[in-house]
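Residue strings, one per chain:
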Amino acid sequence: MTRAKKAAILLIYTGGTIGMKHDFGARALKPFDFGQILDEVPELGKFAFKIDSLSFDPLIDSSDVDPSVWVKIAGTIKERYDGYDGFVILHGTDTMAYSASALSFMLDGLTKPVVFTGSQLPIGVPRTDGKENLISSVEIASAKDESGHALVPEVSIYFGSLLLRGNRATKIDSENFSAFCSPNFPALAEAGINIKYNREYIRRPLDWYQSLSVHARLDTRVSILKIHPGITPQIVRGILCSPDTRSVIMETYGSGNAPSADWFVGAVREAVEAGKIIVNVSQCTAGAVDMELYATGRSLLEAGAVSGHDCTTESALAKLFFLQGESGDNEWVKAMMDENLKGEIKIKY
Ligand code: ASP
């Protein structure tokens, strides 16, 4: 008789509120040792599988996350990939949506869950949300379907009882326990008495036996320009035409509209003619860019801006870092912005 292999989960602690405690001297929250976090959650010992953990050194508040941290997380997963059924990344909430988006593009051939989680209150305080977030994330990372494959083999964020696709999620609340939402894509699972998986929305690999590869080359020459009434030609041109940017994410109004003034459209055209990639992403939390709808959107299209469709700004940024790292050809990058690579956009025709 063959016995099923016991599942194994790796917890990777990068920092964030979940593992912080009050430093009364500094009157601020500071990270504490990971062993102490696990002591706070004896419930993890009740799972019938192995849970290993490792901790980044130094631990960081996620406001200090940069692409080198993503490369380190991806490298850690790659190194330990064969030994584990799933990975739970403990991460600060502030930039969690950026990190989850980035990892979704950097990890290619993923067949196992990578679940980001954290908390609004440190795990050591009585009303913490960290315990439930951590315990449910571990359960999700270990969940299997009838054939023994991972139920959620993609990069996700579990927070406040919702499992969201990582590159669709955004932080919307700095106080409430329901801190994340995924405005343009349904939750992958919801945790109540049971964890209900919305299987039709979960991405599954074509080949369960493919190997994982990491795309660690990221080109960060991307700026974000948020349009607002009263924005000046100097500011718009300064950002769009800066020699230090290869692409600009333009956060526009509504369905992708921006000022129709000649100086504005002219600056976009000038940047495009100089070879830059201008990606139009809506300032609205929900809904998609449709540059054909209004004259103010159409002039951006005619000037050469490309649509960000219904993606989040976090995911557009991570996708551009990834694509620019893959190729020096801006026309290829633009074409790929129109492709749904990891479930980050829905393209309407
Ligand atoms: N500043 C913290 C961080 O992002 C906030 C949190 O974890 O919620 O690391």
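The coordinates are above.
The written sequence of each chain sets the order in which its residues are numbered from 1. Residues qualify for local features only when their pLDDT is at least 70, as the model is predicted, and side-chain atom pairs are given and counted only at 80 or more; totals for whole chains, interfaces and linings, by contrast, use all residues. In computing side-chain values, all of the structure's heavy atoms are included and hydrogens and water are not.

Caption draft 1: The site of the ligand, seen in detail. One heavy atom suffices: a residue is near a molecule or strand as soon as one of its heavy atoms comes within 4 Å of it. Taken together, Gly16, Thr17, Asp61, Ser62, Gly92, Thr93, Asp94 and Ser119 make up the full set of residues adjacent to the ligand. Counting of polar contacts relies on pairs of N or O atoms within 3.5 Å, with two restrictions inside protein: one atom must be capable of donating a hydrogen and the other of accepting it, and residues adjacent in sequence are counted only when both atoms are side-chain atoms. Within the contact set of the ligand, a nitrogen atom lies 2.9 Å away from a side-chain nitrogen or oxygen of Asp61. In the model, an oxygen atom of the ligand is placed 2.4 Å from a nitrogen or oxygen of the Thr93 side chain. Surface exposure here means Shrake-Rupley accessible area, sampled with a 1.4 Å probe, where a residue is shielded only by the protein chains that are shown. Expressed as a share of its isolated accessible area of 270 Å², the protein-covered part of the ligand is 89%. Under the scheme applied here, ten amino acids are nonpolar (Ala, Val, Leu, Ile, Met, Phe, Trp, Tyr, Cys and Pro), four are charged (Asp, Glu, Lys and Arg), and all others, including Gly, are polar. Looking at the shell around the ligand residue by residue, the classes come out as no nonpolar, six polar and two charged.

Caption draft 2: Representation of the sheet that holds strand S16 (residues 247–252) within the structure. When DSSP finds two or more bridges between a pair of strands, those strands are recorded as paired. Segments assigned H or I by DSSP are reported as helices when at least four residues long, segments assigned E as strands when at least two residues long, and all are numbered from the N terminus. Strand order across the open sheet formed by four strands is S15-S16-S17-S18, with parallel pairing between neighbours. In this open sheet, the two edge strands, each paired with only one partner strand, are strand S15 (222–226) and strand S18 (306–307). Relative to strand S17 (residues 277–282), S16 runs parallel, the two being bridged by six bridges. Bridge pairing in S17 places Val248 opposite Ile278. Whether two residues touch is decided by their heavy atoms; if any such pair falls within 4.5 Å, the residues are in contact. Note on definitions: angles span 0 to 180 degrees between N-to-C directions of axes, and those axes are lines fitted to C-alpha atoms, for helices only across the stretch in contact. Across the sheet, helix H5 (residues 233–240) is in contact with S15, S16 and S17; its angle to S15 comes to roughly 160°. Set on the sheet, helix H8 (residues 313–326) makes contact with S15, S16 and S17; between it and S16 the angle comes to about 165°.

Caption draft 3: Spotlight on the packing of aromatic side chains. Side-chain rings of Phe, Tyr and Trp (the six-membered ring for Trp) are treated as a pair once their centres are within 6.5 Å; stacked means planes under 30 degrees apart, edge-to-face means over 60, and tilted covers the remaining angles. One pass over the structure, following the stated rule, counts eight aromatic pairs. The interplanar angle of 40° and the centroid separation of 6.2 Å between the aromatic rings of Trp70 and Phe321 together place this pair among those described as tilted. Separated by 251 residues along the polypeptide, Trp70 in helix H2 (residues 67–80) and Phe321 in helix H8 bring together distant segments of the chain. Judged by its relative accessible area of 8%, Phe321 falls in the buried class. The interplanar angle of 75° and the centroid separation of 5.7 Å between the aromatic rings of Phe185 and Tyr201 together place this pair among those described as edge-to-face. One end of the pair, Phe185, is in the loop between strand S11 (180–181) and strand S12 (189–191); the other, Tyr201, is in the loop between strand S13 (195–197) and strand S14 (213–214), and 16 residues separate them in sequence. Exposure categories follow from relative accessible area, calculated using a 1.4 Å probe and restricted to protein chains: below 20% of the type maximum is buried, above 50% is exposed, and the middle band is partly exposed.

Caption draft 4: Region of interest: unusual backbone geometry. Cis rather than trans, the peptide bond between Asp57 and Pro58 has omega equal to 5°. Counting through the fold element by element, Pro58 comes out in the loop between strand S4 (50–55) and H2. The residue Ser161 is not glycine, and still its phi comes out positive at about 75°. Along the polypeptide, Ser161 turns up in the loop between strand S8 (155–159) and strand S9 (162–165). Despite not being glycine, His309 has its phi angle at roughly 55°, a positive value. The residue His309 is located in the loop between S18 and H8 in this model.

Caption draft 5: Representation of helix H6 (residues 262–273) within the structure. Between its first and last C-alpha, H6 extends 16 Å over 12 residues, near the 16 Å set by a 1.5 Å rise per residue. Along H6, the positions that sit buried rather than exposed are Phe264, Val265, Ala267, Val268, Ala271 and Val272. Buried residues of H6 fall within an arc of 155° about the axis and therefore sit on the same side. Summarising the geometry of H6, the exposed residues directed more than 90 degrees from the buried face are Asp262 and Glu273. Packed against the buried residues of H6 are H5, S16, S17, helix H7 (295–303) and helix H9 (330–337). To estimate the expected span of a helix, count its residues, drop one, and scale the result by 1.5 Å. Starting at the helix axis, one direction is taken to each C-beta atom, and the arc is that of these directions.

Caption draft 6: Highlighting the sheet that holds S8. Strand order across the open sheet formed by eight strands is S4-S1-S5-S7-S8-S9-S12-S13, with mixed pairing between neighbours. Unpaired on one side and paired on the other, S4 and S13 mark the two borders of the sheet. For this sheet, the mean angle separating the axes of adjacent strands, direction not counted, is 20°. Examined bridge by bridge, strand S1 (residues 8–13) and strand S5 (residues 86–90) share five bridges and lie parallel to one another. In the strand pairing of S5, Leu10 is matched with Phe87. Lying on the sheet, H2 is in contact with S1, S4, S5 and strand S7 (114–117); it crosses S5 at an angle near 155°. Helix H4 (residues 130–142) rests against S1, S4, S5, S7, S8, S9, S12 and S13 of the sheet, and its axis sits at about 160° to S5.

Caption draft 7: Structural detail: the nonpolar core. Here, nonpolar core refers to any group of buried Ala, Val, Leu, Ile, Met, Phe, Trp, Tyr and Cys residues whose side-chain atoms link them within 4.5 Å. Judged by nonpolar contacts, the single largest core of 55 residues is most densely connected at Ile77, Phe87, Leu103, Leu107, Val114 and Phe116. Not counting the four nearest positions on each side in its chain, Leu103 is found in contact with Trp70, Ile73, Ala74, Ile77, Phe116 and Val155. In this structure, Ile37, Val115, Leu134 and Ile140 belong to the second largest nonpolar core, which totals 32 residues.

Caption draft 8: Spotlight on the pattern of salt bridges. Here a salt bridge means any side-chain nitrogen of Lys or Arg lying within 4 Å of a carboxyl oxygen belonging to Asp or Glu. Counted by the stated rule, this structure contains 16 salt bridges. The shortest N-O distance in the salt bridge between Asp145 and Arg204 comes to 3.0 Å. Pair noted here: Asp145 is in the loop between H4 and S8 and Arg204 is in the loop between S13 and S14, with a separation of 59 residues, a long-range link. Under the relative-accessibility criterion, Arg204 is labelled partly exposed at 41%. A salt bridge links Glu292 to Arg298, with the shortest nitrogen-to-oxygen separation between them at 2.6 Å. We classify Arg298 as partly exposed; its relative accessible area is 34%.

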